[in-house]
There are 2 protein chains.
Amino acid sequence: MRTIGALIFPGFELLDLFGPMEMFGLLGDDYELHLIAEREGAVESGHKLSAMASLSIHEHCAFDILFVPGGKGTRREVENQALLDWLVAASKNAEFVLSVCTGSALLARAGLLDGRHATTNKAAFSWVESQGPRVLWERQARWVEDEHFITSSGVSAGMDMSLGAIARMHGMQRAKDVAQFCEYEWQQDPSWDPFAKIHGLV
Amino acid sequence: MRTIGALIFPGFELLDLFGPMEMFGLLGDDYELHLIAEREGAVESGHKLSAMASLSIHEHCAFDILFVPGGKGTRREVENQALLDWLVAASKNAEFVLSVCTGSALLARAGLLDGRHATTNKAAFSWVESQGPRVLWERQARWVEDEHFITSSGVSAGMDMSLGAIARMHGMQRAKDVAQFCEYEWQQDPSWDPFAKIHGLV
C-alpha cells in the first residue's frame, strides 16, 4: 500500500488536484490518499469551493507520493519558506514527486528541480520559469519525467501525467483500466502539447 | 451572475464534481459556485478525500444551475426520499439541471427524467436504467440534452458536457477559451462514445 500526500493551500486549482486524485483513488486499496495543508481543516480553492485537509505539514512529511497542484495561490506560496522547507523534507521521503501546472513553481523555488528537466502550464510559463533559473524547463510537453520527479503542464494535463505515473508504477494495463473506468480518453504521449504553440513558446 | 448548486453526498465521485466545477469556475465572476448537502460541513467522497458543503438542502433550493454528480453513494441516495424531494423542488427553480455519471439515477428516481432522453455511465448502465423505467435512456452518448436537462456519461464526460452547456449558454468561443485555459482537449461531439461498445451496449 502506498500513501499519497497531496498539498493544498488557499487558491489551489480544483482540477489540478482532483483529476489526479480520481485516477489514484481508482487504484483502490493499493492507495491511501491524504490532503495536507499548513493547518488541518477547510482550505478554499481558487474557485472558492473548499476541500478538507486532514493533516498538517507541521506534523507529517512522510508519504510514498508527494503531490503538488497549482493554482493562483502559488503566487503567494512561493514566498512561504515553511512550506518550501516542508517540500524539501517530504521530497526526501517520497518515491515519487508529482506536480501539476504552477505546482512546479513551488518545487522550483524549493530548489528541488535544479538541474532537472521539468515543465509547467503554458499560459504562465515565463513566471514559473523565473522561479527556477537553474531548472531545465521544457517548453513543449504534456508532462516530463526526470527520475522520480514528474511535472505536468496545465490543469487537465495532471490526469494524463497521473495515468503515466500509474503505468510506470503498475504497468500499462492498470493505467488503461483506470482511464476506461473514468471514460477518459487518455493522452498517452508526454510530448503532445498543442498549447505551447498557442502561447508562442515554440 | 448565475448560481450553481452542486449536490454532494457521502461517496460522491471526485472528478464527476470537480471537473465541471473547474470549467464553470473559470467563467469567473459570472458564476457563484456552492456545494450543498443534507448537512453543512465535510462530506467524504468515494475516494475518502472530503469537500466542504457550505449549504444544507433543508435551507436552500434556488440555484440557476442544479448540478448532480455520481459515485457509489448514489446506490444509497436513490432511497433517500428527502433528497429526491429536494431535487424535484430545486429542478423547478433551475434554468439548467446537469448530471454526471450515476447522478442521472438520482434524477431518474426523483421522476425528473420521465419521458426525457438521458444517459449515464456505461459501466453501470443497467442499474441506472432500472432506476427510471420511463426514461428514454440513450445507450451511446457522451452527453444528452433534453431541454434544460443535460445528462452525461461517466466521470470525465462531465467536463465535456459542462463545456457543451457553457457553449449553449455563453457561445462556442467562451467554451473554447475555458478548455484552452485548462489545456483540455474538449470532446465537442455529444454522440462520441467508444465506451458504449466496450461495455456491450451497442
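Small disclaimer: the values here were computed from a predicted structure and weren't measured.

Calculation criteria
Residues numbered from 1 in each chain as written. Chains lettered and ligands numbered in written order. Predicted model: local features only at pLDDT ≥ 70, side-chain atom pairs only at ≥ 80, totals over all residues. Heavy atoms only, no water. Disulfide = S-S within 2.5 Å. Buried < 20%, exposed > 50% of the residue type's maximum accessible area, 1.4 Å probe, protein only. Helix = DSSP H or I, 4+ residues; strand = E, 2+ residues; numbered from the N terminus. pLDDT = per-residue confidence, 0-100. Contact = heavy atoms within 4.5 Å. Buried area = accessible area lost by both parts, 1.4 Å probe. Polar contact = N/O pair within 3.5 Å; in protein donor to acceptor, adjacent residues only side chain to side chain. Least-squares fit on C-alpha atoms with pLDDT ≥ 70 in both. Pairing = 2+ DSSP bridges. Axes fitted to C-alpha atoms, helices over the stretch in contact; angles between N-to-C directions.

1. Some details on the state of the cysteines
Part 1 of the argument: Taken as a whole, this structure holds zero disulfides over all chains when the rule is applied.
Part 2 of the argument: No disulfide involves C101(B); its sulfur sits 9.0 Å from that of C182(A), the nearest cysteine.
Part 3 of the argument: Residue classification places C101(B) among the buried positions, given a relative accessible area of 5%.

2. A look at the environment of A179(B)
Part 1 of the argument: Position of A179(B) relative to the elements: it lies in helix α7 (residues 172-181).
Part 2 of the argument: Measuring from C-alpha to C-alpha, the distance between A179(B) and M159(B) comes to 9.2 Å, with 20 residues separating the pair along the chain.

3. A few points about the confidence of the model for chain A
Part 1 of the argument: With 100% of its residues at a pLDDT of at least 70, chain A reaches an overall mean of 97.
Part 2 of the argument: Interface confidence for the predicted complex, expressed as ipTM, amounts to 0.95; the pTM equals 0.97.

4. A short note on the interface of chain B and chain A
Interfaces are often sized by the amount of accessible area the parts lose when they come together.
Part 1 of the argument: Residue-level contacts link 39 residues of chain B with 39 residues of chain A.
Part 2 of the argument: Roughly 3,200 Å² is buried in total at the junction of chain B and chain A, and carbon and sulfur atoms are behind 65% of that figure.
Part 3 of the argument: On the surface where chain B and chain A come into contact, there are 22 residue pairs in polar contact (both at pLDDT 80 or more).
Part 4 of the argument: Breaking the side of chain B that touches chain A down by element, the ones donating at least two residues are α1 (14-25), β2 (31-37), β4 (50-53), α7 and α8 (195-198) of chain B.

5. Here's the deal with the relation of the copies chain B and chain A
Part 1 of the argument: For these two chains of identical sequence, chain B goes onto chain A by a turn of 180° and a shift of 0.0 Å along the axis, with RMSD 0.0 Å. Such a combination of rotation and displacement between the chain copies is what one expects of a two-fold axis. For chain B, the minimum C-alpha distance to the rotation axis belongs to A51(B) and amounts to 2.1 Å.
Part 2 of the argument: Comparing interface residues between copies, 100% of those in chain B also sit at the interface in chain A, which points to an isologous, same-surface contact.

6. What about the sheet that holds strand β11 (residues 149-152) of chain B?
Residues and elements named next belong to chain B.
Part 1 of the argument: One open sheet holds the seven strands; their spatial order is β5-β2-β1-β6-β7-β11-β10, and the pairing between them is mixed. Since the sheet does not close on itself, it has two edges, and those belong to β5 (55-56) and β10 (143-146), each with one partner.
Part 2 of the argument: Sheet topology places β2 next to β5; two bridges connect them, and they run parallel. The residue bridging I36 from the neighbouring strand is L55, located in β5.
Part 3 of the argument: Running at roughly 150° to strand β6 (residues 65-68), helix α3 (residues 81-93) makes contact with β1 (2-7), β2, β6, β7 (96-99) and β11 of the sheet.
Part 4 of the argument: Packed on one face of the sheet, helix α6 (residues 157-170) meets β1, β2, β6, β7, β10 and β11 and runs near 155° to β11.

7. Re the pairing of strand β3 (residues 41-44) of chain B
All names here are of chain B.
Part 1 of the argument: The pairing of β3 with β4 spans four bridges and is antiparallel. Across the sheet, the residue bridging to A42 is M52, located in β4.
Part 2 of the argument: Here β3 folds back onto β4 in antiparallel fashion, the turn holding five residues, of which K48 has a positive phi close to 80°.

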